[in-house]
Amino acid sequence: MKFSKVAILSLFLISIVANAQQNTANLKKAMSENDFIEASKYALAASKEAKDSKNLEVIVMCGDAYLNIENLDSAMYFYKFANDIKSYKPFIMRKIGKVNILKGQIKEAIKILKDAISEDKKDQASYLSLADAYIADKNMKDAEVTINQAKKLNDKNPDIFITLGDMYFEQGVYELSQSNYNEALTLNPSLLTARERLATSYYWLGSREPIGSELANEYYSNCLKEWNEVIKQDPKNSKAYFEIGKIKFWSYNFKEAAPALYQYYKLRPDGKLARWFLAQSLVETKQFDSALVHLKYSSENIDTVRIKAKLLLARCYYDTKNYNLTTGAYASLTKDTTLSIADYRRFAFSYLLSGDTISSINTFKETISKYPNDACGIEDAVGRLLFTAKKYNDALYFLDMRYSNQTCKVNGVDSTASKTTYYIGASHFFLQNQDSAIYYLDLSNKLDSNQVQTYNFIADSYAQKKDLDKSKIYFNIALDKALSDTLKYKQTINGIFGKLSQMEFEAKDFKKLTVVAKRWTEATPNSPTSWLYLAFSYHSSGDSKRACESYKKVLEIDPNNKSALDNKKKVCD
């Protein structure tokens, strides 16, 4: 089937018209729902058709959409275009005057609003708009005169009381401003402008009272009540959400501040202050994942809070276990500010948890150098952490520093000295520095004689020095202390008995081995190794009967014990 060029062109034009009509319909729908950001998306496209057809309603609506999202230049463009279509229409002139007021161009506003009155001396709204301009210019005398002129035309118009309220509000006479706003609402309860400004008056009345006073709380309560009523009437009123969030934020009620500020953010994504308040509220309520995007935005877009936002961002990365991002954020911050000791700790631990031990140690060292009088906890914690990680030389660096740090003492006493010297001694032990190990472990014992593991390490140190007599003495001391709680020290007990038994076995002192092994079976009767050593002692001493009984006992506990199976055949058959 072939189409003529005329038919194709007709279809194209119909498509353009239909698309323009859809944009206009979308604009009107969004405006009716007070969704001004959504409306602004369609304003430009809808205006193209409206300009051609000189559709005053749509052109003005485009201006209103931009005015409500505070895009004053775009709003002015459409209002002036509307004025070109129908010059000297007071309602358009008032809109131009309002934009001029908001832009601080008061003289221009007064001029055009006087012109609007000249066009229609009975248009009460123009008088009230002129009064708004005088109020913005802080010319209260002319404002009052103009309001009285408007009142003569109709003294029952609630807009008169709104403008009067605005005049008193500008002068800081909030008692009278709230009184006039209430009067406007009495005449028309659905006036959102009056209710918004009434809420704001209550806020400022509350701010003048002592914090936490009964009267201040009452004013703030009234303020929140009015803003909540605004939301009931206009669920997309962004200002209401911001004001509620702001009051909750400043009263440290972060749990309720966050959802209100989030609603504002959804309606006004570029509201910088609200996003900063939202970010902090989410941090305070430990919603760290949610806070990240708002902290990042604040750190990049609000110069006055950049450092604090980056600091909170680094902390949130840490709390969400994003350790690589944490180190990057803190490294960047150190160029601009001095971190607190707590933040340095997070910085250093993030390096450690991300696997960069060298950077972690260097950062801990830097922390201690910056905060030498507050480093006790860091020196101790890092030393023990590195000990657990088997980095004994690095552990000693911090532990030695902790032990010699005089600021850690209270009234000349260091409450953690016994543990510090224990970890120093144990580090030396694993580094094969046995003399140093014995020295520090002995110091630890003098400070706290109930440490089983300390005696155990000393015994092992003497054993490695081949001083078996002293080794046995310390093993037995450790054993006596461990036997006071066999459940807690079960593994230690078996370990010590095993070492003592091995010493006597290697020395071929089977009489002493019998004594040690018997004591072991009594302490932990379900240990197959204890019975095996006892069997060896009897077997080596020629007591086949008792050896046989002991091998059988081993096999009761451990049926697959090869040594017991092999030796049982030799002494029992």
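All of the points below concern the structure found in this document. Quick caveat, the model's predicted, so the values are computed rather than measured.

Reading the values: the criteria
- Residues numbered from 1 in each chain as written.
- Predicted model: local features only at pLDDT ≥ 70, side-chain atom pairs only at ≥ 80, totals over all residues.
- Heavy atoms only, no water.
- Core = buried A, V, L, I, M, F, W, Y, C linked by side-chain atoms within 4.5 Å.
- Buried < 20%, exposed > 50% of the residue type's maximum accessible area, 1.4 Å probe, protein only.
- Helix = DSSP H or I, 4+ residues; strand = E, 2+ residues; numbered from the N terminus.
- Contact = heavy atoms within 4.5 Å.
- Disulfide = S-S within 2.5 Å.

Let's shift gears to the nonpolar core. Generally speaking, nonpolar side chains in soluble globular proteins are found buried as a group. Judged by nonpolar contacts, the single largest core of 108 residues is most densely connected at Leu 27, Trp 276 and Leu 295. The biggest single contributor to this core is helix H3 (residues 56-68), with nine residues. If near-sequence neighbours (up to four positions away) are discounted, Trp 276 is found in contact with Leu 295, Ser 298, Ile 302, Val 305, Lys 308, Ala 309 and Leu 312. Core analysis: the next-biggest nonpolar cluster, separate from the first, contains 62 residues, Phe 387, Met 503, Ala 517 and Tyr 551 among them.

The final tally for this structure, using the stated rule, is two disulfides. Shown here is the disulfide that connects Cys 376 with Cys 408, its sulfur atoms set 2.0 Å apart. Note on the Cys 376 and Cys 408 pair: the S-S dihedral is about -105 degrees, so by sign convention the disulfide is left-handed. Here Cys 376 is found in helix H21 (residues 376-388), whereas its partner Cys 408 is found in the loop between helix H22 (392-404) and helix H23 (417-430), with 32 residues between them in sequence. Across the pair, exposure class does not vary: Cys 376 and Cys 408 are buried alike. Here Cys 548 engages in a disulfide with Cys 572; their sulfurs sit 1.9 Å apart. Between Cys 548 and Cys 572 the sulfur-sulfur dihedral comes to about 125 degrees; the bridge is accordingly right-handed. Pair noted here: Cys 548 is in helix H30 (residues 544-557) and Cys 572 is in helix H31 (residues 562-572), with a separation of 24 residues, a long-range link. Here the chain pairs its bonded cysteines, counted in sequence order, in the arrangement 1-2, 3-4.

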